[in-house]
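Take a look at the letters that make up each chain.
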Amino acid sequence: MNDAAPRAEDAQPDIVAAGSAEPEHAGPQPPPGDGPAAPAPLNVPRTPTGHPEVDGLVERLADADHLTTDGHAEVYEDVHRGLRDALTALDARPGPPGPGRHPTTPR
């Protein structure tokens, strides 16, 4: 048994370009069918928050599971926008009226 690593010259076949007597060394070639993997769910658990609006937005993240990587940004931006709007709405909720003008105070 030979434990020596193969030499680089032995690992790369020589390719002769058309019209050339010089062999070119081809770069590493991926095996057939070794392309990018198809989109697949990440199966990241999503724990409900108890807020239906927020839970709906978090569930929307699952839409990215079926898209290629370049399609993820649109989903993430949409969810981020929705979460930001939900937080902003917390500040805008009407509360008790603020202190009013005292009736004897001039305008």
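Our structure's up above, just so we're on the same page.
Since the model is a prediction, treat every value here as computed from it, not as a measurement. (Residues numbered from 1 in each chain as written. Predicted model: local features only at pLDDT ≥ 70, side-chain atom pairs only at ≥ 80, totals over all residues. Heavy atoms only, no water.)

J.: Looking at this structure, I do not really get the overall build of the protein chain. What am I missing?
T.: Scanning the protein chain for helices and strands turns up three helices and two strands. Ordered by position in the sequence, the α and β elements of the protein chain form the string α-β-β-α-α. In the protein chain, buried positions account for 10% of the 107 residues. Contacts spanning at least 24 positions in sequence make up 26% of the contacts within the protein chain whose residues lie at least 6 apart. Surface exposure of the protein chain reaches about 9300 Å², of which carbon and sulfur atoms provide 58%. (Helix = DSSP H or I, 4+ residues; strand = E, 2+ residues; numbered from the N terminus. Buried < 20%, exposed > 50% of the residue type's maximum accessible area, 1.4 Å probe, protein only. Contact = heavy atoms within 4.5 Å. Areas by Shrake-Rupley, 256 points an atom, 1.4 Å probe, with all protein chains shown as cover.)

J.: Is there a simple way to explain helix α3 (residues 69-92) in this structure?
T.: Residues that lie three or four places apart on an α-helix share one face, since the helix turns once every 3.6 residues. Given a rise of 1.5 Å per residue, 24 residues ought to cover 34 Å, and the 36 Å separating the end C-alpha atoms of α3 matches this to within 8%. Those residues of α3 that sit buried are H72, V75, V79, G82 and A86. Buried positions along α3 lie against α2 (52-60). (Expected span 1.5 Å × (residues − 1).)

J.: Help me understand the side chain of D55 in this model?
T.: Considering the arrangement of structural elements, one finds D55 in helix α2. Of the side chains with opposite charge, R46 comes closest to the buried, unpaired D55, at an N-O distance of 9.6 Å. In terms of polar contacts, D55 uses its side chain to reach the backbone amide nitrogen of G50, at 3.3 Å. (Lys, Arg positive; Asp, Glu negative; His and termini not counted. Salt bridge = Lys/Arg side-chain N within 4 Å of Asp/Glu carboxyl O. Polar contact = N/O pair within 3.5 Å; in protein donor to acceptor, adjacent residues only side chain to side chain.)

J.: Looking at this structure, I do not really get the pattern of salt bridges. What am I missing?
T.: Any two side chains of opposite charge can pair if their charged atoms end up close together. Following the criterion strictly, the structure yields four salt bridges and no others. Of the charged contacts in the structure, one is a salt bridge between R46 and E59, with a shortest N-O distance of 3.8 Å. Remark: E59 occurs in helix α2 and R46 occurs in the loop between β2 (23-25) and α2; sequence separation between them is 13 residues. On the basis of relative accessible area, E59 is assigned to the partly exposed category, the value being 44%. When salt bridges that share partners are traced, they join R60, D63, D78 and R81 into one network.

J.: Sorry if this is basic, but what is going on with the side chain of H72 here?
T.: With respect to the helices and strands, H72 occurs in helix α3. Setting aside chain neighbours within four positions, we find H72 in contact with A64 and L67.

J.: Sorry if this is basic, but what is going on with the packing of α2 against α3 here?
T.: What describes two packed helices is the angle between their axes and the distance between those same axes. Relative to each other, α2 and α3 sit at 170°, their axes nearing to 9 Å. As the angle between them shows, α2 and α3 are arranged roughly antiparallel. Packed against α2, whose contacting residues are E53, V54, L57 and R60, the element α3 presents V75, D78, V79, G82, L83 and A86 at the interface. (Axes fitted to C-alpha atoms, helices over the stretch in contact; angles between N-to-C directions. Parallel < 35°, antiparallel > 145°, perpendicular 65-115°, else oblique.)

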